[in-house]
Amino acid sequence: MKLKKFAIGLSLLMISGLISAETVSYKIDPTHTATVFTWNHLGFSTPSANFSDVQGTIQVDNDHPEKSSVSVTIPVKSINTNVAVLDTKLQGSDWFNVAIYPNITFKSTKVETIDKKNFKISGNLTVKGMTKPVVLDAVLNNQALHQMLKVPAIGFNATTTIKRSDFDIAAFAPAVSDTIDIQITTEGLAVK
């Protein structure tokens, strides 16, 4: 009897070990995701704007975080500066050129663990058809059962800085800063 209980217990441990070693795929929830960016305007202010309707997948391997990955698509037409005329202008051919380049994408190439909550996510950012390497400083906010939806969920904050000139959208620099600071917050829900 003891041997049978031991075998059952060992089997359960092996199964739970396999489950925890699996990569979990989370679909980004666009209703709880924000990509906010700020810039310096003529030395007087630091306006901010955001993109919405962010789509993508976060693949997480808790036992081997370096095997995790992120893939994100951001529709340029979702830009919101809180100034409608500016939104239209930024979508035009002199800026993001949404007619030819409707999306901004980010695809990770490397995940480095700093500690249990902090990661560096390297990847390729493509804006206006130009791809440049970017590093996100990411913080794991939570990874648990979603209290309302009762499905596994994950949440991150991340920051990075880019130069507009790297993507051929540097009009009015340096009066309007070439440097853009980006803050991201996102929730993902496990894909069944």
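Use the structure listed above.
Values in this document were obtained by computation on a predicted structure and should not be read as measured data. (Residues numbered from 1 in each chain as written. Predicted model: local features only at pLDDT ≥ 70, side-chain atom pairs only at ≥ 80, totals over all residues. Heavy atoms only, no water.)

Regarding the overall build of the chain
If you tally the helices and strands in the chain, you get 2 helices and 10 strands. What you see in the chain, going N to C, is helices and strands ordered as α-β-β-β-β-β-α-β-β-β-β-β. When contacts within the chain are restricted to residue pairs at least 6 apart in sequence, those whose partners lie at least 24 apart make up 52%. By element, 61% of the accessible surface of the chain is carried by carbon and sulfur atoms, the whole surface being about 11,600 Å². (Helix = DSSP H or I, 4+ residues; strand = E, 2+ residues; numbered from the N terminus. Contact = heavy atoms within 4.5 Å. Areas by Shrake-Rupley, 256 points an atom, 1.4 Å probe, with all protein chains shown as cover.)

Re the pattern of salt bridges
Evaluation of the coordinates by the stated rule reveals 2 salt bridges. Among the salt bridges present, the one from D137 reaches K120, with a minimum N-O distance of 2.4 Å. On the criterion of sequence distance, the pair formed by D137 in strand β8 (residues 130–145) and K120 in strand β7 (residues 118–127) is long-range, its members being 17 residues apart. Look at K120 and you get partly exposed, because its relative accessible area is 30%. A salt bridge links D168 to K128, with the shortest nitrogen-to-oxygen separation between them at 3.8 Å. A residue pair is termed long-range when its members are at least 10 positions apart, and D168 in the loop between β9 (152–163) and β10 (179–190) and K128 in the loop between β7 and β8 qualify at 40 residues. Owing to a relative accessible area of 10%, K128 belongs among the buried residues under this scheme. (Salt bridge = Lys/Arg side-chain N within 4 Å of Asp/Glu carboxyl O. Buried < 20%, exposed > 50% of the residue type's maximum accessible area, 1.4 Å probe, protein only.)

Examining the packing of aromatic side chains
Aromatic ring pairs are defined here through the distance separating the ring centres and the angle between the ring planes. Throughout the structure, instances matching the rule amount to 4 aromatic pairs. With centroids separated by 6.0 Å and ring planes inclined at 90 degrees, the aromatic side chains of F51 and F96 adopt a geometry described as edge-to-face. Pair noted here: F51 is in strand β3 (residues 48–51) and F96 is in the loop between α2 (84–91) and β6 (103–113), with a separation of 45 residues, a long-range link. The exposure classification of F51 matches that of F96, with both residues buried. One aromatic cluster is present, built from ring pairs that chain together F37, W39, F51 and F96. (Phe/Tyr/Trp six-rings, centres within 6.5 Å; stacked < 30°, edge-to-face > 60°.)

Structural notes on the environment of V54
Tracing the chain through its elements places V54 in the loop between β3 and β4 (55–60). The exposure class of V54 is buried, given its relative accessible area of 2%. Remark: the alpha-carbon pair of V54 and V76, spanning 22 residues in sequence, is separated by 9.9 Å. Setting aside residues no more than four positions away along its own chain, V54 makes contact with I28, P30, T33, T35, V72, T73 and I74.

What about α2?
Regarding α2, the residues found buried are D87, L90 and Q91. Around the axis of α2, the buried residues are gathered within 100 degrees of arc, so they sit on the same side. Across from the buried face of α2, at angles greater than 90 degrees, the exposed residues are V85, T88 and K89. (Arc of directions from axis to C-beta.)

Description of the side chain of T33
Within the secondary structure, T33 sits in the loop between β1 (24–28) and β2 (34–38). Only 2.9 Å separates the side chain of T33 from the side chain of T186, close enough to count as a polar contact. Every residue in contact with T33, bar those within four places of it in the chain, is listed here: I28, V54, T185, T186 and E187. (Polar contact = N/O pair within 3.5 Å; in protein donor to acceptor, adjacent residues only side chain to side chain.)

Considering the pairing of β6
Relative to β6, strand β5 (residues 69–75) runs antiparallel, the two being bridged by 5 bridges. Bridged to T73 within β6 is T105. Sheet analysis places β6 next to β7, joined by 8 bridges and oriented antiparallel. Residue pairing in the sheet places F106 in a bridge with L125 of β7. The antiparallel pairing of β6 with β7 creates a hairpin that spans 4 residues between the two strands. (Pairing = 2+ DSSP bridges.)

Some points on the pairing of β3
On β3, burial follows the alternation: A49 and F51 on one face are buried, whereas S48 and N50 on the facing-out side are not. Bridge count for β2 against β3 is 4 bridges, and the pairing is antiparallel. Directly across from T35, in β3, lies its bridge partner F51.

By themselves, these are just geometric observations and shouldn't be taken as functional.
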